[in-house]
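Observations on the three-dimensional arrangement
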Amino acid sequence: MSDEIVQFCRSRRQARRCTRRLGHPGLHRHRSVMWSDAGADAPRCSGSGEPGSPAAPLLDGWPHGRAMCDRCHDFVELTAEGRLVAHDADSRHPDDELRRRQEWFNTVGW
């Protein structure tokens, strides 16, 4: 079993996320829907500004009060009013963040 973390393309079209690997050549695709970069959604996640609540923490406190965005599934800071801060749906994560996200989803689930 490999410890390599597969990073998938973050391009979206009408909220559908590309299911190809990060850096892939050619068109983006989600099932039978395909699109180019010109037809992609804006990088700002449509979940920005939506109400949120802190995600359940792991034993060490991770994700440290951040909420999971229902649209892009990233962990995002909350405003004082309990709303998701503006964030991009195509953000890149360092390997440590990806491992922690993987651990969170395997421990807490959806």
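Residues numbered from 1 in each chain as written. Predicted model: local features only at pLDDT ≥ 70, side-chain atom pairs only at ≥ 80, totals over all residues. Heavy atoms only, no water.

1. Quick notes on the pattern of salt bridges
As a working rule, side chains carrying opposite charge can pair if their charged atoms are close by. Using the criterion set out here, one finds 5 salt bridges in the structure. Between arginine 101 and aspartate 74 there is a salt bridge whose closest N-O contact spans 3.4 Å. Taken together, the residues arginine 101 in helix H1 (residues 95–107) and aspartate 74 in the loop between strand S5 (67–68) and strand S6 (75–76) connect sequence positions 27 residues apart. Relative accessible area serves as the criterion here: at 11%, arginine 101 is assigned to the buried category. For arginine 100, the salt bridge identified is with glutamate 103, shortest N-O distance 3.1 Å. With arginine 100 and glutamate 103 both in helix H1 and 3 residues apart, this pair spans about one turn of that helix. Ionic contacts of the salt-bridge type, sharing partners, join the residues Arg10, Asp74 and Arg101 into one network. (Salt bridge = Lys/Arg side-chain N within 4 Å of Asp/Glu carboxyl O. Helix = DSSP H or I, 4+ residues; strand = E, 2+ residues; numbered from the N terminus. Buried < 20%, exposed > 50% of the residue type's maximum accessible area, 1.4 Å probe, protein only.)

2. Remarks on H1
The end-to-end C-alpha distance of H1, which contains 13 residues, comes to 18 Å, matching closely the 18 Å that a straight helix rising 1.5 Å per residue would cover. Within H1, burial applies to Glu97, Leu98, Arg100, Arg101, Trp104 and Phe105. All buried residues of H1 lie within an arc of 165° about the axis, which places them on one face of the element. Facing away from the buried side of H1 by over 90 degrees, the exposed positions are Asp96, Asn106 and Thr107. (Expected span 1.5 Å × (residues − 1). Arc of directions from axis to C-beta.)

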